[in-house]
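Next come the chains, spelled out residue by residue.
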Amino acid sequence: MSGLFGVISKSDCSEFLIYGTDYHTHMGSEYGGLAVLDKDFSRYIHKMSNANFRDRFFENIKELKITKGIGCISDLDEQPIYIKSNLGDFCIVTTGRIENIKELSENLMGTGVCFTEFSKDYVNMTEVIARIVASSSSIVEGIKKVFQKIKGSCSLLILSREGLYVARDYHGRTSLILGKNQDSIAVCSETCSFTNLGYKTIRDLNPGEIILINQDEIKTLYEGEKKKKICAFLWIYTGFPASDYEGINSEIVRERCGKALAKRDKDIKADFVAGVPDSGIAHAIGYAMASKLPFRRALVKYTPTYGRSYTPPSQFLRDLTAKMKLVPIKEIVNGNSLVILEDSIVRGTQLKNFTVEKLWNCGAKEIHVRPACPPLMFPCLYCNATRTNSELVTRRAIKEIEGKEIENIDKYLDYTTPQYAKMIEWIRKDLNITSLKYQTLEDMIEAIGLPEQDLCTFCWNGKGCKGCGNETV
Ligand code: SF4
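Residues numbered from 1 in each chain as written. Predicted model: local features only at pLDDT ≥ 70, side-chain atom pairs only at ≥ 80, totals over all residues. Heavy atoms only, no water.

1. So, the sheet that holds strand β3 (residues 41-47)
Read from one edge to the other, the open sheet built from seven strands follows the order β3-β2-β4-β1-β12-β11-β13, with strand pairing classed as antiparallel. On the outer flanks of this sheet lie β3 and β13 (200-204), each paired with one strand and no other. Ignoring which end each strand starts from, the neighbouring axes of this sheet average 15° apart. As paired elements, strand β1 (residues 3-9) and strand β4 (residues 68-74) share six bridges and run antiparallel to each other. Opposite Val7, over in β4, you have Gly69 as the bridge partner. Along the sheet face, helix α2 (residues 53-61) touches β2 (31-37), β3 and β4 and points at about 155° away from the line of β3. (Pairing = 2+ DSSP bridges. Helix = DSSP H or I, 4+ residues; strand = E, 2+ residues; numbered from the N terminus. Axes fitted to C-alpha atoms, helices over the stretch in contact; angles between N-to-C directions. Contact = heavy atoms within 4.5 Å.)

Right under this line is the structure:
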């Protein structure tokens, strides 16, 4: 996943652009990038692991008078991409995931298009999108062509001489929200970037909507679709607590998730509730509110250095980050029974090796783990949250139980079946914990507060949607 920020202003907007982009740092860990338009286009990309990219950007653009710009925090490819084309020159940033990227790029190469940017995952997704747009009769037609051709999801910002084009993914899986302050109009993936910069939210874009922003005008070029499939994981884990999507705050949803778990856990006997930092904390607060058990911090994160653990590109780095970032507090854990709230369990290895083991080593008496969402059963096809079946602890459990990999896992999706119970017991033993109880899909959806048909729940039930290359419903 990546985070996008764009701004058009009547006066210099360098600070809005840099801080606005910086507030998306939790969305990716590879590159920070900006493109600005003064007399000409300039773009700057920094590896986030190397330096404080915010200071570097200030250094990059201090001589320029910036009234238009786009920024991106990317978890995979270098962006923005700048291209000259029949439609004029433009810069583009994207977020999403495209399943058929290889096929699309090979089709373009067959027509003589060359690619200049490189990616660990074959070709740079943003460059492929830029080339598709540039091969059309207008930028709007180009964006519509992107929506027709891709399998997966893509939201984008295009900085051109006419203004800032903004397009939200055709199914609305990734967020794009419009805001306004005294001097400027901005668009972001995460509304936590608006608050301290004085932006008031205007509205979320519709799925598939395309707009053009100028200094004092927002023009709708394509109204978009009524049907949506917004990523439910935004509220559970990937989004920032201070961000709202569709007007629903992420921290509040997490509290509701914790409360729902506690309501199904009436007989639990424990000394206190704790969360795995950061996103498990709000779930734990909700659980504590509903269960009346005290909330305590059994684990703290060394925040000056460590960000999220799933975003580093290699498993080695992910594990190292997970191992180092959480520090248990022995004086709190020793001799106590704990309920531990976690946003989700993907592989389970980090929870087992770097959380549970540390708590046992500190003298925990019992460890009851409560993930805030149901078991993750399918890898994300739309935004890179999880990438393959083999990464999922649920699939490892099923393989062990069945003695082989099986295609049809329907019986493991329903929490009332014996197969589901067996899978949970296998995971519990593997994690070496006292008890394990997951959230139900119904409770998670109710905690979010949108109708089920408006949410993407593919991770949990494998239900995709038409046009996503995954037409299981
Ligand atoms: S598959 Fe999961 S992570 Fe991916 S968009 Fe859907 S809900 Fe979000």
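So, next bit.
2. As for the pairing of strand β15 (residues 217-222)
Looking at chain direction, strand β14 (residues 210-214) and β15 are connected through five bridges and run antiparallel. Bridging across to β15, Asn214 finds its partner in Glu217. Hairpin connection of β14 to β15: two residues between the antiparallel strands.

3. So, the side chain of Thr95
Here Thr95 is to be found in strand β6 (residues 90-98). The class of Thr95 is buried, set by a relative accessible area of 1%. A distance of 2.9 Å separates the side chain of Thr95 from the backbone oxygen of Ser2, its partner in a polar contact. If near-sequence neighbours (up to four positions away) are discounted, Thr95 is found in contact with Met1, Ser2, Leu4, Met125, Ser153, Cys154, Ser155 and Thr174. (Buried < 20%, exposed > 50% of the residue type's maximum accessible area, 1.4 Å probe, protein only. Polar contact = N/O pair within 3.5 Å; in protein donor to acceptor, adjacent residues only side chain to side chain.)

4. Description of the domain arrangement of the chain
Think of interface size as the accessible area that goes away when the parts come together; that is how it is often given. Once the domains are mapped, the chain shows domain 1 (3-228) and domain 2 (248-461). A separation of 33 Å is found between the C-alpha centroids of domain 1 and domain 2. (Domains from an automatic or database assignment.)

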